[in-house]
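Residue-level structural notes
One-letter residues, chain by chain:
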Amino acid sequence: MSETGIGATVLRREDRRFISGRGNYVDDVNRPGQVYAHFVRSPHAHADVKSIDTTAAAAADGVVAVLTGADVAADGLGGLPVGWGITSQDGSPMIEPPWPIIAQDRVRYVGEAVAVVIAATRNQAKDAAELVAVDYNPLPAIISTQDSIKDGVPQVWDDAKHNICFDWGFGDADATNDAFAKASHVTTVDLVNQRLIPNAIEPRSSVADFDSSTGEMTLWCTSQGPHAVRLLLGAFVLQQPEHKFRVVSPDVGGGFGSKIYPYAEYATCCWAARRLGVPVKWTAERSESFLTDAHGRDHITKAELALDGDGRFLGLRVSTIANMGAYLSAFAPLIPTYLYATLFAGQYTTPAIFAEVKAVFTNTTPVDAYRGAGRPEATFMLERLIDAAAKEVGVDPVDIRRRNFIAPEAFPYQTPVALLYDSGNYGAALDKALELSDYAGFEARRKASEAAGKLRGIGISTPIEATGAAPSAIAGQLGARAGLYESAEIRFNATGNVTVFSGSHSHGQGHATSFAQVVSDKLGVPYENIEIVEGDTGRVQMGMGTFGSRSLSVGGSAIVKASEKIIEKGKKIAAHLLEASVDDIEFSGGNFAVKGTDKSVNIAEVAFTAYVPHNYPHFTGDPEADKNALEPGLDEQAFFDPLNFNFPYGAYVCEVEVDPDTGVTEVARFTAIDDVGNVINPMIVHGQIQGGVVQGIGQALLENGVYDQGSGQLLSGSYMDYTMPRADNVPNIDSDLTITPCPMNPLGVKGCGEMGTIGSPPAVINAIIDALSGYGVRHLDMPATPQRVWSAIREARPAA
Amino acid sequence: MEIKGEYRIPAPRETVWQALNDADVLRECIPGCESLEKVSDTELTATVKAKVGPVSAKFSGAVTLEDLNPPESYRIAGEGKGGVAGFAKGGAVVHLADDGGETILTYEADAKVGGKIAQIGSRLIQGTARKLADQFFRNFAEKVAPGSTQGENAA
Amino acid sequence: MTSTVSLTVNGKAVSAEVEPRTLLVQLLREILGLTGTHVGCDTSQCGACVVHVNGTSLKSCTMLAVQAEGADVTTIEGLADGDTLHPMQQAFHENHGLQCGFCTPGMIMSAIDLAKRNPDPSEKEIREWLEGNLCRCTGYHNIVKSIKAGAQAMNA
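Per chain, the residues get numbers from 1 upward, laid out in the order the sequence is written. Chains carry letters from A onward and ligands carry numbers from 1 onward, assigned in written order. Since the coordinates come from a predicted model, pLDDT governs what is reported: local features require at least 70, and pairs of side-chain atoms require 80 or more to be given and counted, while whole-chain, interface and lining totals use all residues. Excluding hydrogens and water, the side-chain figures rest on all heavy atoms present in the structure.

Before going further, it helps to examine the packing of helix α6 (residues 226-238) of chain A against helix α7 (residues 264-276) of chain A. Residues and elements named next belong to chain A. Axis separation between α6 and α7 bottoms out at 11 Å; the angle between their running directions is 60 degrees. Crossing handedness for the pair α6 and α7: right-handed. Between α6, through L233, V237 and L238, and α7, the contact on the second element is made entirely by Y266, A267, C270, W271 and R274. Its residues assigned to classes, the contact of α6 with α7 comprises 7 nonpolar, no polar and 1 charged. Each axis is a line fitted through C-alpha atoms, and for a helix only the stretch in contact is used; angles between axes span 0 to 180 degrees, taken between their N-to-C directions. A helix here means a DSSP run of H or I that spans at least four residues, while a strand means a run of E at least two residues long, and both kinds are numbered starting from the N terminus. In this scheme, a crossing is called left-handed if the near helix is turned counterclockwise away from the far one by less than a right angle; it is called right-handed if the turn is clockwise. Should any heavy atoms of two residues lie within 4.5 Å, those residues are considered in contact. Each residue gets one label: Ala, Val, Leu, Ile, Met, Phe, Trp, Tyr, Cys and Pro are nonpolar, Asp, Glu, Lys and Arg are charged, and the others, such as Gly, are polar.

So, on to the interface of chain B and chain A. Taken together, the 16 residues of chain B in the interface contact 17 residues of chain A. Throughout, buried area stands for the accessible area (probe radius 1.4 Å) lost by two parts on being put together, summed over both. Between chain B and chain A, the buried area comes to about 1,300 Å², and carbon and sulfur atoms account for 52% of it. One salt bridge in this structure joins E285 of chain A and K116 of chain B, with 3.4 Å as the shortest N-O distance. Polar contacts, as used here, are pairs of N or O atoms within 3.5 Å; protein pairs need one atom able to donate a hydrogen and one able to accept it. Residues neighboring in sequence count only if both atoms are side-chain atoms. Taken together, the connections running from chain B to chain A amount to 5 residue pairs in polar contact (both at pLDDT 80 or more). For the side of chain B that touches chain A, the element with the most residues is helix α3 (residues 116-121) of chain B, which contributes 4 residues. When its residues are assigned to classes, the side of chain B that touches chain A shows 6 nonpolar, 7 polar and 3 charged. Any Lys or Arg side-chain nitrogen found within 4 Å of a carboxyl oxygen on Asp or Glu counts as a salt bridge.

Below, the discussion takes up the interface of chain C and chain A. In this complex, chain C contributes 47 residues to the contact, which on the side of chain A involves 53 residues. Approximately 4,300 Å² of surface area, both sides summed, lies buried where chain C meets chain A, with 52% of it carried by carbon and sulfur atoms. The tally of links between chain C and chain A comes to 5 salt bridges. In this structure, R122 of chain A and E30 of chain C form a salt bridge, with 2.8 Å as the shortest nitrogen-oxygen distance. Across the contact surface, chain C and chain A share 30 residue pairs in polar contact (both at pLDDT 80 or more). Among the secondary structure elements, those contributing two or more residues to the side of chain C that touches chain A are α1 (24-31), α2 (87-94), α3 (104-117), α4 (123-129) and α5 (141-154) of chain C. In terms of residue count, α2 of chain C provides more of the side of chain C that touches chain A than any other element does, 4 residues in total. The residue makeup of the side of chain C that touches chain A, split by class, is 16 nonpolar, 18 polar and 13 charged.

What follows deals with the domain arrangement of chain C. All names here are of chain C. As used throughout, domain bounds are those supplied by an automatic or database domain assignment. Annotation of chain C at the domain level lists domain 1 (3-75) and domain 2 (87-154). For domain 1 versus domain 2, the distance between C-alpha centres works out to 21 Å. Contacts between domain 1 and domain 2 engage 17 residues on the former and 14 residues on the latter. At the boundary of domain 1 with domain 2, total buried surface from both sides reaches about 1,100 Å², with 56% on carbon and sulfur atoms. For the domain 1 face of the interface with domain 2, the top three residues by lost area are H38, V50 and H52, together amounting to 38%. Our enumeration of links across domain 1 and domain 2 arrives at 0 salt bridges. One can count 8 residue pairs in polar contact (both at pLDDT 80 or more) joining domain 1 with domain 2. Per-class residue counts for the side of domain 1 that touches domain 2 are 5 nonpolar, 11 polar and 1 charged.

Right, dumping it as structure tokens:
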């Protein structure tokens, strides 16, 4: 292993600009003559917009324009598109309501834009927004996920009876019912997977610049996938042709899913720039981010597990209501369906599984993929259910998992919920987690806590994930309206250095470092001679972007494929230079050599020859040979469409200490063992896992998107009320890896970006329930706030 | 949200009732009131400046007097728009009881807010509403019978 | 209505015309073009905008530009000595104390102030000090490690 190749801990090359204040985020982008947009947003969760008087705002200092939904309609702009369609159990398509970029006639959630003020300065736009007089007729609102399908509640959309967007079924209902009929024990849990608000620390932002002389639009926006933004906004909303539309996402300050989508504000900036002939800039204030960034989770679930007399799982039946919010965000329908129920087998051999999911509309901010997206909900359900079952049948939580693990020799393993697992050794990861967490020493630590008046508990979860969504052909059959491949181009420059163009887009994951390690390893080019370019449709050929932990397994594999093409072309040039047959050329460590000789040529010389082709094959007179004459240049492009998902998995152990007097829970120790296949840069992988685990601890203990149930006001709408994990809320994370290479891609890698967030919430809650087991507490909803824990203790404590 | 209070005002009930219907008195007693104009006997327009936690805004809107039962009780209700800060509405049922030539005023108030003021200040709304209601009735009692609120406290 | 504010930023005397409501962070980012200082919230909670004012860390969204009259302000851009990084910057790099980089300038500015007050802070002291700086990427693990190393390097 070289110091900069695959497997090496290479310090990140992107750090220098970030630690020096020279990052280039969208709000740092300024265009000459730019003006600023400020949105007027609905303070009502549900209301008819009776009238909007823009006169005073339009006359205010510096105001260039005040635009409303009527202007959007008059200009014939399309609505925001949905990228995945779901079919209900009765065969009907999901309800897909229109979503104009500025509300027309009716608003359906607090924060929905009703007008945009565009002015010379930010303050002028904001001041003038105060002067836009909107007359609303407030309507009753439905907020609660649970109540949304009840009779007589307010309806968000006329077409969606009982507020149901779709009612989806998956798995084998008959086989599952049979399994329950012969079960010796059935465990049932009712769970809430609460609404979360992603909160990347960089607020969303966009700057649009339209050149009327060429018809070209350039949009800088905070996006995890600028090509998708270009396609969706260009074709569906703006009618801006793809070849005249450049979308640039420079440095992106975190995304966690929330920056995948083609947001209305980006479209509005483009539209206004085209209409007004000046560049238009908008940056969200955090208050706007809370209201308008796509939220995550928000499920209510009943789950039942059928077991035989030995604690083996016979069947799993799950019924979920998933809140979509007021409109369908781009990938919202996918999250509680194919990214959720397909994970219900977990690491276990459960033979029969059936899931029913009702997706519902409410007068709340739209919900979409947020770190993990469906898989945390699946894992929380399964790992909580298993722990509850273990308690009920009197089996140790470790043992019950081991009894049901898919055996290492059973791969490839077909689950009853569509997925074909490629590889795994689940027992090995659990062994390592128990060892690293000193599981055996827990009892002594528990006693020590007890002596100090604290309740100590330990919890396990053994999560699995499906990452690198694939393949496009199957996804298309399941409702996808986009491909799931990734592209790469490797361009040698004449002087031997390399520019790599990837359709993935880092928003903190360190692609510039990891991808360069891969290229250096594959092509033997010095690491420092390789540049990675991402996030610009004007430079990168095509891309799907970064989501679902796909960048390395899909984007990285495209890079490997392109490097193979480079080697193939290079061999032809080398064969000519070395006067040998192509079949006799071997490539290794950056050199093309003639087999069995000491004759070789470095890839840098080959590149130079490719661009200065003085020593190149010339006219031979043989028509066949002349027709196939070697092309100049050394620049290859590849697309990689994976044949299957990949399946990272792990074993997590959490230890908590609860103060029974205050209900405060402290995460005392957290151990995460992950198997993400081969590792390119261990430092980055561990960083992803640590960050993910803390985000999951945030869900378990702290975070909650709370609406006032009557009025639909977002009550946890700032950092004063939405409790983000802070440094003093969490411990250091002990992370380690087992390595089972993935056979489905040339790097043998699996996704690592979401594992921590998926695996940690059930481990934390299982640990708290364990700590409180002396009081008979069997259930706690997330977030396990001090108040909830304290109340659970009070309610469960037998009257003295 | 339940906000209640009680004041003993050393003045006859009829006097107190008149004051409760007097725009000038209301203007002086509503905390942060910048203007209050009578449109009819039961409808007024007002501009009120208020602050909830970090959000301060000027609300303009209507004040209405409802369920009039002179000289015993009415409901005073207000609804105002505060621009980007959102909206606020609220009211109080006021009851006057005759007690040996003096008047016992009791009230029960409620408040609702929306938009930014709810988003940022939700935790503080109840406390703010309680404070504003108490301040209004204290001002009112003081206005009708100076010195009457010495040592009094809202429930 | 504007007024003139004069101050020293990263060792250089500057003056600018500002509205009374202009925040120090707006002066830095929008008028002086020092975009290394970031804005992550509107309630002074996230800490992305921390700079040093007269040697002490301060959220630059909590100070009006006019209040900085005569002050000596250091931003993330003013830390390195030419090509030589400040020890705290170097420590963040070496310990993978950043991912997306957005919270990083505020983290580094806060960390330096801590290290000046407490040359060898414990993990607990670092975590408590960072109460006012949010990071969504790292889980703080490597930030804590970076600050420990940075403080030691600063005080070596």
